[in-house]
Amino acid sequence: MDLTDTDDEAAFRAEARAWLEVNKPRDPLPSGNTAEGFAVNRVWERRLFDSRWAVVSWPEQYGGRDATLFEWLIFEEEYYRAGLPQRVAQNGIFLLAPTVFEFASPEQRDRILPRMAAVEDVWAQGWSEPNAGSDLAAISSRAVRDDERGGWRLSGQKTWTSRGAFCTHLFGLFRTDPDAERHRGMTYFLLPLDTSGVTVRPVDVLDGDAAFAEVFLDDVFVPDADVLGEVNRGWEVAMATTGSERGLSLRSPGRFTAEAARLVSLYRDRGDQGDATLRDAVIRAWIDTEAYRLNTLQTVTRLADGARIGPESSLNKVFWSEMDVALQEAGIRLLGADGERTDTTWMKGFLFSLAGPIYAGTNEIQRNVIAERVLGLPRK
Ligand SMILES: Cc1cc2nc3c(=O)[nH]c(=O)nc-3n(C[C@H](O)[C@H](O)[C@H](O)COP(=O)(O)OP(=O)(O)OC[C@H]3O[C@@H](n4cnc5c(N)ncnc54)[C@H](O)[C@@H]3O)c2cc1C
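Residues numbered from 1 in each chain as written. Predicted model: local features only at pLDDT ≥ 70, side-chain atom pairs only at ≥ 80, totals over all residues. Heavy atoms only, no water.

Draft legend 1. View of the overall build of the protein. Of regular secondary structure, the protein possesses 11 helices and 8 strands. Expected size for 380 residues packed as a compact globule is a radius of gyration near 21 Å; at 21 Å, the protein falls within 12% of this value. Its C-alpha atoms give the protein principal-axis dimensions of roughly 70 × 45 × 45 Å. Within the protein, buried positions represent 49% of all 380 residues. Counting contacts in the protein only where the partners sit at least 6 residues apart, residues at least 24 apart contribute 71% of the total. Surface summary for the protein: the accessible area is close to 18100 Å², and the carbon and sulfur share equals 52%. Across the protein, the centroid of the 44 positively charged side chains sits 1 Å from that of the 59 negatively charged ones. (Helix = DSSP H or I, 4+ residues; strand = E, 2+ residues; numbered from the N terminus. Rg over C-alpha atoms; globule rule 2.2 N^0.38 Å. Buried < 20%, exposed > 50% of the residue type's maximum accessible area, 1.4 Å probe, protein only. Contact = heavy atoms within 4.5 Å. Areas by Shrake-Rupley, 256 points an atom, 1.4 Å probe, with all protein chains shown as cover. Lys, Arg positive; Asp, Glu negative; His and termini not counted. Charge placed at Lys NZ, Arg CZ, Asp CG, Glu CD.)

Draft legend 2. Quick look at the site of the ligand. Taken together, 17 residues lie around the ligand, and Ser-128, Ser-134, Trp-160, Thr-362 and Glu-364 are the ones closest in. A distance of 3.1 Å is found between a nitrogen atom of the ligand and a side-chain nitrogen or oxygen belonging to Asn-368. If the ligand stood free it would expose 980 Å²; the protein chains cover 63% of that surface. Elements supplying a minimum of two residues to the shell around the ligand: β3 (151–161) and α11 (363–374). Top element by residues in the shell around the ligand is α11. It accounts for 3 residues. Taken together, the residues of the shell around the ligand sort by class into 7 nonpolar, 9 polar and 1 charged. (Near = heavy atom within 4 Å. Polar contact = N/O pair within 3.5 Å; in protein donor to acceptor, adjacent residues only side chain to side chain. Nonpolar A, V, L, I, M, F, W, Y, C, P; charged D, E, K, R; others polar.)

Draft legend 3. Spatial organisation of the side chain of Glu-129. Its place among the elements puts Glu-129 in the loop between β1 (123–126) and β2 (142–146). In terms of polar contacts, Glu-129 uses its side chain to reach the backbone amide nitrogen of Ser-140, at 2.7 Å. Within the structure, the side chain of Glu-129 is placed 2.8 Å from the side chain of Ser-141, a separation counted as a polar contact.

Draft legend 4. Representation of the pairing of strand β7 (residues 213–223) in the model. The pairing of β3 with β7 spans 8 bridges and is classified as antiparallel. Each residue of the ladder has a partner; that of Arg-153, found in β7, is Phe-221. Note that strand β6 (residues 198–202) and β7 share 5 bridges and pair antiparallel. Within the sheet, the bridge partner assigned to Arg-201 lies in β7 and is Glu-214. (Pairing = 2+ DSSP bridges.)

Draft legend 5. Local environment of helix α8 (residues 276–304). Relative to the 42 Å expected for 29 residues at 1.5 Å per residue, α8 spans 42 Å between its end C-alpha atoms, a close match to the ideal helical length. Along α8, the residues that are buried comprise Leu-278, Val-282, Ala-285, Asp-288, Thr-289, Tyr-292, Thr-296, Leu-297, Thr-299 and Val-300. Next to the buried residues of α8 lie α3 (69–81), α6 (234–249), α7 (253–270) and α9 (313–335). (Expected span 1.5 Å × (residues − 1).)

Draft legend 6. Inspection of the environment of Glu-230 at higher detail. Among the structural elements, Glu-230 can be located in the loop between β8 (227–228) and α6. Put simply, Glu-230 and Ala-104 are 126 residues apart on the chain and 9.6 Å apart in space, counted from C-alpha to C-alpha.

Draft legend 7. Spatial organisation of the environment of Gly-151. By the secondary structure assignment, Gly-151 is in strand β3. Assessed through its relative accessible area of 0%, Gly-151 is described here as buried. Considered as a pair, Gly-151 and Ala-132 are 19 residues apart in the sequence and their alpha carbons are 25 Å apart. For Gly-151, the contacting residues outside a window of four places in its chain are Val-144, Arg-145, Asp-146, Phe-221, Val-222, Pro-223 and Asp-224.

Draft legend 8. Region of interest: the packing of α9 against α11. Remark: α9 packs on α11, axes separated minimally by 8 Å, with the N-to-C direction vectors making an angle of 145°. Considering the relative orientation of α9 and α11, their crossing is left-handed. Where α9 approaches α11, its residues Ser-314, Leu-315, Lys-317, Val-318, Ser-321 and Glu-322 are matched on the opposing element by Asn-363, Gln-366, Arg-367, Val-369, Ile-370 and Val-374. Class assignment of the residues belonging to the contact of α9 with α11 gives a composition of 5 nonpolar, 4 polar and 3 charged. (Axes fitted to C-alpha atoms, helices over the stretch in contact; angles between N-to-C directions. Left-handed = near helix turned anticlockwise from the far one by under 90°.)

Draft legend 9. Region of interest: the pattern of salt bridges. Scanning the entire structure with this criterion turns up 33 salt bridges. A salt bridge links Asp-288 to Arg-284, with the shortest nitrogen-to-oxygen separation between them at 3.1 Å. In this pair, Asp-288 and Arg-284 both sit in helix α8, 4 residues apart, roughly one turn of the helix. Shared partners join several salt bridges into a network, and the residues in it are Asp-5, Arg-13, Arg-17, Glu-77, Glu-78 and Arg-81. (Salt bridge = Lys/Arg side-chain N within 4 Å of Asp/Glu carboxyl O.)

Draft legend 10. Looking closely at the packing of aromatic side chains. Evaluation of the coordinates by the stated rule reveals 21 aromatic pairs. Note on Phe-256 and Tyr-292: the rings are 5.7 Å apart at their centroids and 80° apart in plane angle, and the pair reads as edge-to-face. Within this pair, whereas Phe-256 is found in helix α7, its partner Tyr-292 is found in helix α8, the two being separated by 36 residues in sequence. Phe-256 gets classed as buried once you look at its relative accessible area, which sits at 0%. Their ring planes at 25° and their centres at 5.6 Å tell us that Phe-352 and Tyr-359 sit as a pair that is stacked. For Phe-352, a relative accessible area of 33% gives the class partly exposed. (Phe/Tyr/Trp six-rings, centres within 6.5 Å; stacked < 30°, edge-to-face > 60°.)

Draft legend 11. Quick peek at unusual backbone geometry. The phi dihedral of Arg-52 is positive, around 60°, even though this residue is not glycine. Structurally, Arg-52 can be placed in the loop between α2 (35–50) and α3. Among the residues examined, Arg-52 registers a relative accessible area of 35% and is labelled partly exposed. Positive phi outside glycine occurs at Val-119, with the angle close to 50°. Relative to the assigned elements, Val-119 resides in the loop between α5 (106–117) and β1.

This is how it looks when you write it as structure tokens:
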């Protein structure tokens with residue numbers, strides 16, 4: 001396989017690089033996990049949209065460029081190479097949108113996608129509950145039919161909603177048939193967070209940012225038009241979201257190859273300080289990010305040939321999350337005592353990387369999926 005850019009891809013890369021160079025904010029963007037930082041990032045992401053760089057692989061009618069997934073990977077490489085941060089719109093554009101493309105009606109697509117691309121609506125993921133994390137099928141938040149108004153009334157509590165404190169909308173799973181078997185009887189709903197009956201309560205975290213939220217729903221009306229996929233088939237819709245999230249869309253290789261380049265540069269500045277294991281850690285991080293890039297090219301090649309992402313997405317998720325921890329840890333070690341200061345970019349990156357084996361489904365759960373559904377091993 002020829003892994004070099006085609007002429008069209010090289011032209012796309014050059015255009016993206018030139019645009020980012022001229023248009024990226026002069027000062028590094030603040031964390032999107034504070035109210036102020038979220039607003040600043042939203043303005044930046046709106047600028048991406050205005051020049052059609054927000055969602056390059058989407059159709060033009062929704063604000064994209066009809067770019068291929070290979071070109072999307074190229075854009076991501078250039079984006080992170082330019083030192084730009086994770087997108088505050090990510091849970092919408094990278095998690096919900098692929099599911100909208102697969103399951104939504106044309107009316108829903110036309111209504112949801114352009115506003116999502118333009119960061120007018122910013123989406124949060126409402127799946128986890130106090131008693132349903134790894135075991136997502138244990139959710140107890142429910143939706144009761146309201147025939148008179150043509151919709152549903154939602155009640156319950158969602159937790160660990162990333163950037164829920166600042167987002168405008170929520171996509172969530174709710175139980176619509178309490179008598180059905182655990183994985184049946186759930187429905188996927190879409191709702192604005194300012195709907196009457198919704199209370200969003202920010203959750204403080206150790207690094208001081210307060211974007212996490214708990215979301216309480218008290219008899220919240222959602223019309224039929226905002227059900228995604230079929231009623232009582234929400235599990236299948238949710239599994240499509242997790243497949244693309246874990247297998248491709250949430251963590252593109254560009255983010256890690258840029259970090260590995262930063263790590264190599266730090267190593268060149270600081271040297272291994274007499275500790276050969278540090279050099280090994282830097283080399284390992286570089287090789288792993290490159291392997292991840294190549295593996296992603298393979299995934300995208302398969303998708304271009306018409307394949308769907310299946311349970312092997314769990315292998316991907318375990319790999320990038322553990323690779324990120326090791327990479328960030330190498331950075332902290334290279335910094336020595338300077339790395340202990342929590343205001344450094346490396347320390348922030350390290351602390352966030354520790355959450356990687358937990359969010360998007362814990363790595364223990366991914367290993368169960370790999371054992372049972374990829375390797376075909378018995379459940380016990
Ligand atoms: C940074 C971050 C962002 C997040 N963002 C969101 C979000 O936006 N929306 C959302 O809905 N959720 C979000 N989450 C929640 C996340 O999905 C859950 O934390 C995760 O699914 C684990 O659930 P839990 O916290 O309830 O842990 P539990 O399910 O209670 O698990 C506790 C421990 O037991 C292990 N365990 C549980 N069951 C098994 C098993 N069968 N076999 C082996 N080990 C097992 C787990 O691996 C884990 O180590 C986020 C979490 C983090 C850390």
